[in-house]
Amino acid sequence: MTTTTTRIAIVTGAARGIGAGVSKRLAADGVAVAVLDLDEAACQAAVAEIEDAGGRAIAVGADVADEEAVKASVEKVVAELGEPTILVNNAGVIRDNLLFKMSTADWDTVMSVHLRGAFLMTRAVQRYMTEAGWGRIVNLSSTSALGNRGQANYAAAKAGIQGFTKTLAIELGKYGVTANAIAPGFIETEMIMATAERMGMTFEDFKAYAVREIPVGRGGRPADIAHAVSFFTSEDAGYVSGQVLYVAGGPKA
Ligand code: NAD
């Protein structure tokens, strides 16, 4: 059954890249969106785009790994938009290096943003979902969860996100809350551009190299991920929970 209730979503790491694409798509779906990123000012462009298209959005500045900032950001969303019942844990960073060269700080940063961040955000928002008897959580994993050279920290965090997601699905299912993970492959964003730079390749060369291995023969775009988020957060997807969807232009284990 569908309903006309206006849903309120928080999308983290939404100033650019996949998060911005997801925010725009959810707004187009009729959801009011809190565009959250480290820097509130950086969220303004995405907010303006949503408003220009007739949607509703606010900018929220917060570090998802900071417990107090997370609490304050959720309070701001409740005060300015209403109680959130959709959460997309998308904020992410990479600090790639081969294991023997990986610093403890780079390990901790990646764990902190992806795992602690998703935990803090979800814990802060779940009460609005359980009180409403309806909620949708989507967590960004990665094909790197299957293992990727130079990404011991990121691969561990993204595999951890999958276990976290399945546990949320088990704990929150009886409250009408679903939790699913999306594991993107190669998506053209600033994160990928930074990877190309670190490997000493131009973005175009790096893309050509990556696309050779992608069955559909192209790089992914934020809209490809946003489409999957739109499905998982839709009213009628209430029986789909605890899943990991690889959105990578081909099969992944
Ligand atoms: P991106 O670097 O373009 O954007 C990430 C955003 O997260 C940035 O705006 C950044 O400011 C924000 N962010 C970082 N740390 C934060 C924090 N502590 N608190 C709040 N915001 C923070 O990256 P993207 O490519 O759009 O990636 C989005 C998500 O998708 C990430 O979780 C990433 O790991 C995942 N992912 C991306 C790809 C890809 O190919 N681009 C592939 C697999 C998974």
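Values in this document were obtained by computation on a predicted structure and should not be read as measured data.

Undergrad: Explain the site of the ligand here, please?
TA: Close to the ligand lie 28 residues, the nearest being Arg16, Asp37, Asn90, Tyr154 and Thr189. When isolated, the ligand has an accessible area of 820 Å², and the protein chains bury 93% of it. Mapped by element, the contributors of at least two residues to the shell around the ligand are α1 (17–28), α4 (104–132), α5 (152–172) and α6 (190–198). Broken down by element, the residue count for the shell around the ligand peaks at 3 residues, all from α6.

Undergrad: Could you clarify how one ought to interpret the nonpolar core in this entry?
TA: The nonpolar side chains of a soluble globular protein tend to be buried, and buried together. Core analysis: the largest hydrophobic core is formed by 33 residues, its most contacted members being Ile10, Ala34, Leu36, Val77, Leu81, Met121 and Ile137. At the level of elements, β1 (8–12), β2 (32–37), β3 (57–61), α3 (67–80), α4, α5 and β6 (177–184) are the ones that each hand at least two residues to this core. Of the residues forming this core, the biggest block, 8 residues, is contributed by α4. If we ignore the near neighbours within four places in the chain, the residues touching methionine 121 are Ile10, Thr12, Leu36, Val64, Val70, Val74, Leu87 and Asn89.

Undergrad: Please clarify how the packing of α4 against α5 should be interpreted in this entry.
TA: Angle between the axes and distance between the axes are the two parameters that describe a pair of packed helices. At a minimum axis separation of 9 Å, α4 and α5 run at an interaxial angle of 15°. Taken together, α4 and α5 sit at an angle that is classed as roughly parallel. The hand of the α4/α5 crossing is right-handed. Of α5, the residues touching α4 (which contributes Asp106, Trp107, Val110, Met111, His114, Leu115, Ala118, Phe119, Thr122, Gln126 and Thr130) are Ala152, Asn153, Tyr154, Ala156, Ala157, Lys158, Gly160, Ile161, Phe164, Leu168 and Leu172. By residue class, the composition of the contact of α4 with α5 is 14 nonpolar, 6 polar and 2 charged.

Reading guide: rules and limits
- Throughout, a residue's number is its position along its own chain's written sequence, starting from 1.
- The predicted nature of this model means local features are confined to residues of pLDDT at least 70 and side-chain atom pairs, given and counted, to a pLDDT of 80 or more, with totals for whole chains, interfaces and linings taken over all residues.
- Hydrogens are left out, water is left out, and the side-chain values use all remaining heavy atoms of the structure.
- Put simply, a residue is near a molecule or strand once any heavy atom of it comes within 4 Å of that molecule or strand.
- In this description, accessible areas are obtained by the Shrake-Rupley approach with a 1.4 Å probe, and a residue is regarded as covered only by the protein chains that are shown.
- Only DSSP runs of H or I reaching four residues or more are called helices, and only runs of E reaching two or more are called strands; each is numbered from the N terminus.
- Grouping buried Ala, Val, Leu, Ile, Met, Phe, Trp, Tyr and Cys residues that are joined through side-chain atoms within 4.5 Å yields what is termed a nonpolar core.
- Partly exposed residues are those whose accessible area sits between 20% and 50% of the maximum for their type, while under 20% is buried and over 50% is exposed, using a 1.4 Å probe and protein chains only.
- Whether two residues are in contact is decided by their heavy atoms, any of which lying within 4.5 Å being enough.
- Note on geometry: axes are C-alpha line fits, over the in-contact stretch for helices, and angles between N-to-C directions span 0 to 180 degrees.
- Angular relationships are summarised with four words: roughly parallel below 35 degrees, roughly antiparallel beyond 145, roughly perpendicular across 65 to 115, and oblique for the angles in between.
- It is the rotation of the near helix from the far one that decides the hand of a crossing: anticlockwise by less than a right angle makes it left-handed, clockwise makes it right-handed.
- Polar here means any residue other than Ala, Val, Leu, Ile, Met, Phe, Trp, Tyr, Cys and Pro, which are nonpolar, and Asp, Glu, Lys and Arg, which are charged; Gly is therefore polar.

All quantities given are derived from atomic positions and should not be read as evidence of function.
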